[in-house]
Amino acid sequence: MSTDSVQEYLEAIHAFNETGEPAKTTELAEKLAVSPPSVTEMLKRLAEDGLVEYEPYKGATLTGMGMAYAERIVRKHRLLERYLHDSLGLKREKVHDEACRLEHSLSDDVADAMCRALDQPATCPDDHNPIPPCSLEVKDCDDCVAARKKANDRPRLVTQLSNLRTGEEAVVAFVRAGNGAYKRLLDMGLTQGTRLRVVNVAPFKGPVEIAVRDTRLALGRGLASFVFVEISEGKAPRHGAPPGPHSGRRWRGHAQ
Amino acid sequence: MTSQHLTIALIGNANVGKSAIFNQLTGLHQHVSNWPGKTVEKAEGTLAFCGRVLDIVDLPGTYGLTAYSTDESISREYITSSAPDVLINVVDAAALERNLFLTLELLELQPHMVVALNQVDVAERKGLNIDSERLARILGVPVVPTVGTRNFGLQSLMDEVIRVSLGRYQRSSPIKYSSDLESRVRQLADTLEAVNLSFPKRWAALRLLEGDNGIEALVYKEKPEIEAVVQRLRSEIENVTGEDAGSALASELYTIAHRVSSDVTAHDVRKQTFGERVDRLALHSAIGYVMMVLVIVFMFYSVFFLGEHISSLLDQGFLQIKSAYYSSFPGDFAGFIWAGLIEGVVAGTTVAIPYIVPFIIALSILEDTGYLARIAFLMDSAMHKIGFHGKGFIPLMLGFGCNVPACLGCRIMETGRERLICAFATSLVPCTARSIVIMGMVAVYVGFGWAAVLYIIDFIIIFALSRLAFKVLPGEPTGLVMEMPRYRRPSLDKTMKKAWVNLKEFVYTAFPLIIVGNFSIQLSNVVGLLSIVQLAMSPVTVLWLGLPAVTGIVLIFGILRKEMTMILLASLMGTTNFALVMTPVQMFVFAFVVMIYIPCIATIAVLAKEFGLKRAAMISFVEVSLAIVLGGIVHYGLVLLGFS
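Residues numbered from 1 in each chain as written. Chains lettered and ligands numbered in written order. Predicted model: local features only at pLDDT ≥ 70, side-chain atom pairs only at ≥ 80, totals over all residues. Heavy atoms only, no water.

Here the focus is the overall build of chain A. Looking only at helices and strands, chain A has nine helices and eight strands in total. Looking at chain A as a whole, 52% of its 256 residues qualify as buried. The long-range fraction of contacts in chain A, counting pairs at least 24 apart against all pairs at least 6 apart in sequence, stands at 66%. When the accessible surface of chain A is summed, it comes to about 11,200 Å², and 52% of that surface belongs to carbon and sulfur atoms. (Helix = DSSP H or I, 4+ residues; strand = E, 2+ residues; numbered from the N terminus. Buried < 20%, exposed > 50% of the residue type's maximum accessible area, 1.4 Å probe, protein only. Contact = heavy atoms within 4.5 Å. Areas by Shrake-Rupley, 256 points an atom, 1.4 Å probe, with all protein chains shown as cover.)

Structure, rendered in structure tokens:
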């Protein structure tokens, strides 16, 4: 598994990518309070591990795999914010820093329990960014505990198909959609265990084109986000990333 | 069974060359109508073969029998209720696995079936060699390699069809699922023995386990106790497989499809195909859009350049006939006959032939080459802002030329709801006729900037109303799911046939309405009803919109052809220099009202044909009210801002 530092990077890149832009080296350096050269160094490593696509001067964008890791931690972070704010009554401007400290020690079990207790919150309280969706194979919260147990027995890296970048391969883990769309996606061959490859991603959050079962399929971004795929951790991020200071950084979105 | 008449249905995924086979088989002996109550085309034709008459039906593109879309429910409905003598399942040899899914589903329905392994040439070029005999043995039905576009293998295909119709093939036992599923499917099928159904019990059992609403209603009405059995079996399947039953069954079927297809296919080394290299450019985030704009501009230019030429030629021709007519039949009554009866035909002809035919040809080429799918892909995210998916871009864009064919083009949308909203939005797009008024009046006499303002207002209206329509009309939004077809050469034959069929349809359905509409307006003119109408309209036209009173009549005639409003206004005002008789505000408001107020009669006719008279009337009503309300607001707004 990745270290806290890798997680911090992924989380920070995720925040930039969320606005639709690649994360630039200088911006990341400022946000994480480290020097630009060490950011560049780290981005190269992350790119080697297949977690980001990095182009010098343009910046870094998370791959589907990077996204899967980033969303795990972002989900915990935002659930924590919700919990601290809604259940414990902390002030909005406080919850972010608290969540930053707690997120790395929060287990998946507790995070999912929080999600259940809060009745699947959609956004975080401070800047109303969306909480990444639950990656368990569940239809509703009733299945949560059982699915969590199953996921603990066989951990897998799951993310939405819409997060994959051109050229990435994955296997369909499950489809979470309304009846009509669900059957449609199954009929088109996106059944569990189907291997697929992203051939093209249309710009401006457009559709994704995938190669599946010897054909090409274009899926609108909405439908693609219903398809959860498992990414093989062939190249797991390595340990011993350069030290990234964990406290004292400047983060986005302090609501003042 | 030795009947001389056989009914044969063609079924298969979209883009597998089904229509090519259909065209080869039936030639010109075909006709196209709509499926009852649906705006989906039903193509039927006949073929005389070996002393028999074969009625052939081309079913819409179908991926599965779960009745997700209109097309698919039509196909399913047809097979289960009409029971054709033989089913020809057309499969794409180059995408066997995905195509076999439907084949396996069809086998469950146990019809007499022949598989046409189509486009084997494309498969070979992709390095796929398929053992059709082996496939036939596995499936238990004849499999014939074909290339529909080149008439290859169709003779032996029909031989097999005849043989199957005579029952010389043993029906295969249905595909077996893995034992966990198989035992439960059988159990349910046995339970269903007591139920009276028109299709195989096993098939019904599968649909019930999947949670098919239609079959559920049918079965539970007769035997409500079965619901509990289905529930139990479903949860058992979920426990065993860890997936819900629908997903487990689909997975299983795909697993079988995968096994079968890899069993019969020999792969050569896979190389990057021509299409992949083209797509690298065609779908590129910058070059792709440039290419798209070029293609569209070129298409537009050629369609409307051609259209204008033919249109003016026709106009001249009619003008000559008209003057010949007037000189040989002088008098008011003869004049009325011409204006009342012939002008309608003229109006219809000068819109239909010059614009619709080139348009249909261009659209058909765009579709057949596979590029239409690329446009939809590129425009999907932009169109989502309005509520459509990518395919909706095409009719909207074409509306700038002429709304009539553009509204016909809304057929490419999947659901009735999207088709209707798309046609509604399209009818608001300023077509060339409206652009003539906007440009000829506002741009010339008020200023180009103001003309641009009109267009911008129109786009805002289209955007807002479409979004509103999506909110108001019930229904689930359908995302874009579309197969990216391979690039291919369009066939002239198919294109011309499509154009012909569409033209014929338009003439039959739209012409009567155009002629009747024209006649009633001319008649009211003669009996003096129009001046009464003008008077009755004057509170709206004069007081609320601030326009000269004659615009009342002008606007009524504009329903026939919108560019006529300007011509007529000029003749009633006695000058073509509108600046002398109208203020800039009046011109702006007039052009605005003309832009919005009602689709022209030909568009209304198309809307009526596609969606029924009631909906066409509703769209017209909404647009008239909108034009009046907003026109007045624009008028008073401009006056308040100090313009005069």
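Next comes the rest of the description.
Turning to helix α3 (residues 36–48) of chain A, a few remarks are in order. Residues and elements named next belong to chain A. Over its 13 residues, α3 extends 18 Å from the first C-alpha to the last, a length consistent with the 18 Å expected when each residue adds 1.5 Å. Of the residues making up α3, those classed as buried are Val39, Met42, Leu43 and Leu46. End-on view of α3: buried residues confined to an arc of 105°, all on one side of the axis. Facing away from the buried surface of α3 by more than 90 degrees, the exposed residues are Pro37 and Glu48. Residues of α3 that are buried make contact with α1 (4–18), α2 (25–32), β1 (52–55) and β2 (59–62). Once α3 finishes, Gly50 follows within two positions and takes phi at roughly 80°, a positive value. (Expected span 1.5 Å × (residues − 1). Arc of directions from axis to C-beta.)

The next subject is the packing of helix α1 (residues 18–26) of chain B against helix α6 (residues 154–165) of chain B. Residues and elements named next belong to chain B. Following both chains from N to C, one finds α1 and α6 inclined at 85°, their axes separated by 11 Å at the closest point. It follows that α1 is roughly perpendicular to α6 by the angle criterion. Every residue of α6 that contacts α1 at Ile21, Gln24 and Leu25 is listed here: Leu154, Leu157 and Met158. Of the residues assigned to the contact of α1 with α6, the class counts are five nonpolar, one polar and no charged. (Axes fitted to C-alpha atoms, helices over the stretch in contact; angles between N-to-C directions. Parallel < 35°, antiparallel > 145°, perpendicular 65-115°, else oblique. Nonpolar A, V, L, I, M, F, W, Y, C, P; charged D, E, K, R; others polar.)

This part is about the pairing of strand β7 (residues 215–219) of chain A. Put simply, side chains in a regular strand alternate between the two faces of the sheet. Counting buried residues along β7(A), five of its five residues qualify, which places the element largely inside the surrounding structure. In β7(A), alternate side chains face the same way, and those of Thr215(A), Leu217(A) and Leu219(A) on one face and Arg216(A) and Ala218(A) on the other are all buried. Bridge count between strand β6 (residues 208–212) of chain A and β7(A): five bridges; the pairing is antiparallel. The partner of Val212(A) across the bridge, within β7(A), is Thr215(A). Hairpin connection, β6(A) to β7(A): the antiparallel pair is bridged by two residues, and Arg213(A) has positive phi, about 50°. Pairing analysis gives three bridges linking β7(A) to strand β10 (residues 481–483) of chain B, with the strands arranged antiparallel. (Pairing = 2+ DSSP bridges.)

Time to look at the pattern of salt bridges. Where charged atoms from two side chains of opposite charge approach closely, those side chains can pair. Residue and element names in this part refer to chain A. Inspection of the entire model under this criterion finds 33 salt bridges over all chains. Between Asp112 and Arg148 there is a salt bridge, with its nearest N and O atoms 2.6 Å apart. Placement of the pair is Asp112 in helix α6 (residues 108–117) and Arg148 in helix α7 (residues 144–153), with a sequence separation of 36 residues. Residue classification places Asp112 among the buried positions, given a relative accessible area of 6%. Residue classification places Arg148 among the buried positions, given a relative accessible area of 13%. Here the residues in one salt-bridge network are Arg75, Lys76, Asp108, Asp109, Asp112 and Arg148, joined through shared partners. (Salt bridge = Lys/Arg side-chain N within 4 Å of Asp/Glu carboxyl O.)

With that out of the way, let us pick up the interface of chain B and chain A. Taken residue by residue, the interface counts 40 residues in chain B and 34 residues in chain A. Along the contact surface separating chain B from chain A lie one salt bridge. Between Glu97(B) and Arg213(A) there is a salt bridge, with its nearest N and O atoms 2.4 Å apart. Where chain B packs against chain A, one counts eight residue pairs in polar contact (both at pLDDT 80 or more). (Polar contact = N/O pair within 3.5 Å; in protein donor to acceptor, adjacent residues only side chain to side chain.)

Attention now goes to the nonpolar core. Residue and element names in this part refer to chain B. Within the largest apolar cluster, 113 residues are counted, with the highest numbers of intra-cluster contacts made by Met292, Ile375, Phe388 and Phe590. When residues in this core are grouped by element, the largest group, eleven residues, is from helix α26 (residues 584–596). Once residues lying within four places of it in the same chain are set aside, the contact partners of Met292 are Tyr371, Ile375, Leu378, Met379 and Phe393. Core analysis: the second largest hydrophobic core is formed by 66 residues, Leu65, Leu109, Tyr220 and Leu249 among them. (Core = buried A, V, L, I, M, F, W, Y, C linked by side-chain atoms within 4.5 Å.)

A few words now on the pairing of β2(A). Residues Gly59(A) and Thr61(A) point to one face of β2(A) and Ala60(A) and Leu62(A) to the other, with burial holding for every one of them. A loop of three residues connects β1(A) with β2(A), the two strands running antiparallel in sequence, and Tyr57(A) in this loop sits at a positive phi of about 75°.

Let's shift gears to the confidence of the model for chain A. Residue and element names in this part refer to chain A. Averaged over chain A, the pLDDT score is 82; the fraction of residues at 70 or greater is 89%. The lowest-confidence element of chain A is helix α8 (residues 179–187), averaging 80 in pLDDT; the highest-confidence one is strand β8 (residues 227–231), averaging 92. Between residues 235–256, whose pLDDT stays under 50, and residues either more than four places distant or in other chains, the model counts 58 contacts. (pLDDT = per-residue confidence, 0-100.)

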